[in-house]
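# Descriptive analysis of the structure
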Amino acid sequence: MQAKVQENPEGQATALWMSTIAFTVCFAVWTVFSIIGIQIKKDLGLSETQFGLLVGTPILTGSLIRIFLGIWTDQYGGRLIYTLTMLAAAAATYLLTYATTYPQMLVAALGVGIAGGSFAVGVAYVSRWYPTSKQGTALGIFGAGNVGAAVTKFLAPFVLVAYGWHAVAQIWAAGLVVMALIFWFGTKDDPVLVARRAKGEKPKSAWLELEPLKNVQVWRFSLYYFFVFGAFVALALWLPRYLIGVYGLDITTAGMIGAAYSVPASIFRAYGGHLSDKYGARRIMYWTFIVSVLVTFILSYPPTQYTIKGITGPITFHMETGVATFTVLVFVLGFFMSLGKAAVYKHIPVYYPNNVGAVGGLVGMIGGLGGFILPIMFGVLNDLTGIWTSCFMLLFLLSGVALLWMHLAIQRMEHEAREPDLTKLPQLPEMEAIHKPEHIGKLGPAIIEDWRPEDKTFWDETGRAIARRNLWISIPALLLAFAVWMVWSVVVAKLPAVGFKFTTDQLFWLAAMPGLSGATLRIFYSFMPPIFGGRLWTSIATWSLMIPAVGIGLAVQNPDTPYIIFLGLSLLCGFGGGNFASSMANISFFFPKAEKGNALALNAGLGNLGVSVVQFVIPLVITAGVFGWLGGDPQTAADASGTTKLWLQNAGFVWVPFIAASATACWFGMNDIAAMKASFADQAVIFQRKHNWIMCWLYTGTFGSFIGYSAGFPLLAKTQFPQVDSLKLVFLGPLVGAISRSATGWLSDKYGGARVTFWVFILMIAAVGGVLYFLDIKDQPHAFAGFFAMFMILFFATGVGNASTFQMIPAIMRAEMPRLEPKLGAAERVRQADMESAAIIGFTSAVAAYGAFFIPKSYGSSIAITGGPEMALWGFMLFYVTCVAVTWFYYTRRGGLLRDIERGGKMPAAAQPAE
């Protein structure tokens, strides 16, 4: 237990104010690139994206190091760790002045970022000096050290103009050294550390410090802090560049206005701590997110010229946020962000008094990562959209998601507290007067209360028919989800022909973005069926496919549609990618263990056919006016063979009736199971299992390759072999992969999943080598046939590997459970292994789905950098080599975990299922 803190221990005030001043100095150094980076950008001729990476790199280091510094502070005390942190950052900042190239700048920036880790040290150190009732105010005062960003913006421009950016770095480094010495000699060790030393106690293990991180609320706080702090840092870095670019201000004026944002976003954090102590953190967080949503919405609106057809003629007016209005709005945004930062950290010392360093470090790390990721995204959005206000569009989306998630979490908590009373109420208020006990639940949702699939009698008489009905309704819904997810893989190849002037890199971005959003959504979708019920969630998830389907049908009809609209629609197609995780989680609950593997293989394999279906159907339906006048007019497409009429809008519209039919079938034909429960805390144990991360790597090599090649193959074939009408053939790749996944599961059952996976990767290495060979001779007549054949082999191998890797996961966890959970009995180990296997399957599917983003994007980047896709393919081959090595080392070699089991041996007796 943590030692009880005295009300006013000696040295308390000194510790708080010295920590706050030290944090101010550290923060000033941490954000120094917001000013000197502008001059470095000019000197080195950097692009917007390169500038965003440069200013964000220190934020990356300062974020990632926070969790370690927080743990070390809990173990060794804040006074020591704080001093060492400042000295290390000072050395790195001084060495920055010797960097002359962009790569050297990035390396030096990593060292400068150490200063940002001081936040985790200060939170753990300060909180130990104060009782719970005063920690909100104390941490709010400490957090006001964020004003260091304003110090840099006020002073650095003048030093920069007078002496150059080298002088700024040297002076800021000297300030850190002085502050480190003052802090070391001016403060004392915290009371908890002193009491522990007096008792002769050793610090806790770092692994015990990390134990609270399995709780979902820690990660939810991290999202909140990603916005209130991460977005604050991002804007502190980005605003000078934004103001110069949008309003044409000089660097001194831009720095002053940037400080007008940084000051309230820092010093009012102390006031936010006081308000949280007085009124409660929840109320403060609500106000923070509501105001942030409103302000970022206004700021995201780009300068626009409107023309209205008036009675007497056109009426034209212009809408734009002027520099004065902009300054006021960012001041308001910064003020409420400062309140939100204090409100988030009010929770940590209250609920995790013995792990403030670890928990505060993690939340601070995620928040700090926002300061790294967001400036890069700001630069990328500028490059992609050409709209300056796109950075505020992203912040509007982020703040809206945070507000929605917080509100839903609070509502769910309140609903669960009142649920016993709510279930007694009638379905409609008009019935309340005649509602009696016998009516309770009669008109409620169709939930199966008694579900015993492992009971053979129940399964034969009742369960099998219900489970199969749910499976066969789920399969077409999942097929449509994959179809919508991959629709851009075909559409992008036709956009240039109908008049869209997008670059090749922009087209690959459109093909890649559904993979990015779909993979991210899978992480959340896997938890949805237990929360909402499989029937309701599957219906909602299927209906959501209407949004991108209709949106694509409307957008492609006008070549003047802005690129950002297409980018948004490609992100929305990720709804389809997310459905896989929730669909697999839902179906797994219906079947007994003996039939679960086959059911999941059918659901996944036939669902994967959606990729092939979309690449077969779209080239057909866009050649005819399938929907008549309702579908809109055709476009004129020009290519090497001449001009033709295309109804490209049918690529989106064709799925609409099927989505409606499938979603309706889900609602009326599927069931919810009352026993479908999956606590995040229970499943979070997988993050401590090394084999979870190993299988993420291997499944990325199989399924990540399948979905990534599916997304990128049509456009790759089109760009490398423009003389061939390849769109009529590319559907065969995903078809081969989907069928091989469904049809080759017996190979893994007979020979072992690890052995099959090993040879799958060997085959994939050979196939990629073949692709490279035929690309090298692509001008020869037979080159496309060889190129196409090699990709068919790749798709076949990925399908086999998809099945074999999923077969490995339950075997691995059954074999490992006696070692991992030695205190459990045999039956409990089997249940634990099955629970963890299901969680690992869901998590690995989410991670692997990022292949749908990275493979097409790798093609685009490779072509942009080198003029061809070969560099990306060599990278894929190297990745498969690592997969071969990992599979052999951990699973198939002599002494590997699965070697004896797959060669006829038995699992450990304690891991065998109970009879």
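Residues numbered from 1 in each chain as written. Predicted model: local features only at pLDDT ≥ 70, side-chain atom pairs only at ≥ 80, totals over all residues. Heavy atoms only, no water.

Applying the stated criterion across every chain, the model contains six salt bridges. Close ionic contact of R128 with D190 constitutes a salt bridge, the shortest N to O distance being 3.4 Å. Of this pair, R128 sits in the loop between α6 (118–127) and α7 (132–143) while D190 is found in the loop between α9 (165–186) and α10 (191–199), placing the two residues 62 residues apart along the sequence. Its relative accessible area of 7% is what places R128 among the buried residues. The exposure class assigned to D190 is buried, which follows from its relative accessible area of 1%. (Salt bridge = Lys/Arg side-chain N within 4 Å of Asp/Glu carboxyl O. Helix = DSSP H or I, 4+ residues; strand = E, 2+ residues; numbered from the N terminus. Buried < 20%, exposed > 50% of the residue type's maximum accessible area, 1.4 Å probe, protein only.)

What follows is about the nonpolar core. Residues W488, L495, F787 and F791 are the most contacted members of the largest nonpolar core, which totals 267 residues. Looking at which element gives the most residues to this core, the answer is helix α12 (residues 216–247), with 20 residues. Beyond its immediate sequence surroundings of up to four residues, F787 is in contact with F713, L716, A717, F721, V771, F774 and L775. Core analysis: the second largest hydrophobic core is formed by five residues, M528, W537, A541 and A581 among them. (Core = buried A, V, L, I, M, F, W, Y, C linked by side-chain atoms within 4.5 Å. Contact = heavy atoms within 4.5 Å.)

Time to look at a nonpolar patch on the surface. On the surface, F68, W72, Y76, L80, L84, L87, V177, L181 and F185 cluster together into a nonpolar patch covering about 890 Å² of accessible area. Structurally, the position occupied by F185 is in helix α9. (Patch = residues over 30% accessible without salt bridge, like charges linked within 9 Å, V, L, I, M, F, W, Y side chains within 5 Å. Areas by Shrake-Rupley, 256 points an atom, 1.4 Å probe, with all protein chains shown as cover.)

So, about the confidence of the model for the protein chain. Chain-level pLDDT for the protein chain is 80 on average; 89% of the residues reach the 70-or-more range. Contacts for the low-pLDDT stretch residues 205–209, under 50 throughout, to residues beyond four places or in other chains number eleven contacts. (pLDDT = per-residue confidence, 0-100.)

Each aromatic ring pair is summarised here by two numbers: the centre-to-centre distance and the angle between the ring planes. Following the criterion strictly, the structure yields 55 aromatic pairs and no others. Plain terms: the ring middles of W30 and F229 are 6.1 Å apart, the flat faces sit at 15 degrees to each other, and that makes the pair stacked. Residue W30 is located in helix α1 (residues 12–30), and its partner F229 is located in helix α12; the two are separated by 199 residues in the primary sequence. For F229, a relative accessible area of 0% gives the class buried. Each ring, one from F761 and one from Y880, has its centre 6.3 Å from the other, and the planes form 25 degrees; the classification is stacked. Taken together, the positions of F761 in helix α35 (residues 753–776) and Y880 in helix α39 (residues 870–892) put the pair 119 residues apart, joining distant regions of the chain. Residue classification places F761 among the buried positions, given a relative accessible area of 0%. Cation over ring: K341 sits above F232, and NZ or CZ is 3.6 Å from the ring centre. Above the ring of F889, the side-chain terminus of R893 is found at 4.6 Å from the ring centroid. (Phe/Tyr/Trp six-rings, centres within 6.5 Å; stacked < 30°, edge-to-face > 60°. Lys NZ or Arg CZ within 6 Å of the ring centre and 35° of its normal.)

Quick look at the pairing of strand β1 (residues 304–309) now. In terms of strand pairing, β1 meets strand β2 (residues 314–319) through six bridges, oriented antiparallel. Along β2, the bridge assignment pairs T304 with M319. The antiparallel pairing of β1 with β2 creates a hairpin that spans four residues between the two strands, and G313 there sits at a positive phi of about 140 degrees. (Pairing = 2+ DSSP bridges.)

Closest axis-to-axis distance for the helix α32 (residues 690–720)/α35 pair is 13 Å, and the angle between their directions is 15 degrees. By the angle between their directions, the pair α32 and α35 is classed as roughly parallel. As for how α32 packs across α35, the hand of that crossing is left-handed. Each of L698, G701, T702, S705, Y709 and Q720 in α32 lies in contact with α35, whose residues at this interface are F761, M764, V768 and L775. Its residues assigned to classes, the contact of α32 with α35 comprises six nonpolar, four polar and no charged. (Axes fitted to C-alpha atoms, helices over the stretch in contact; angles between N-to-C directions. Parallel < 35°, antiparallel > 145°, perpendicular 65-115°, else oblique. Left-handed = near helix turned anticlockwise from the far one by under 90°. Nonpolar A, V, L, I, M, F, W, Y, C, P; charged D, E, K, R; others polar.)

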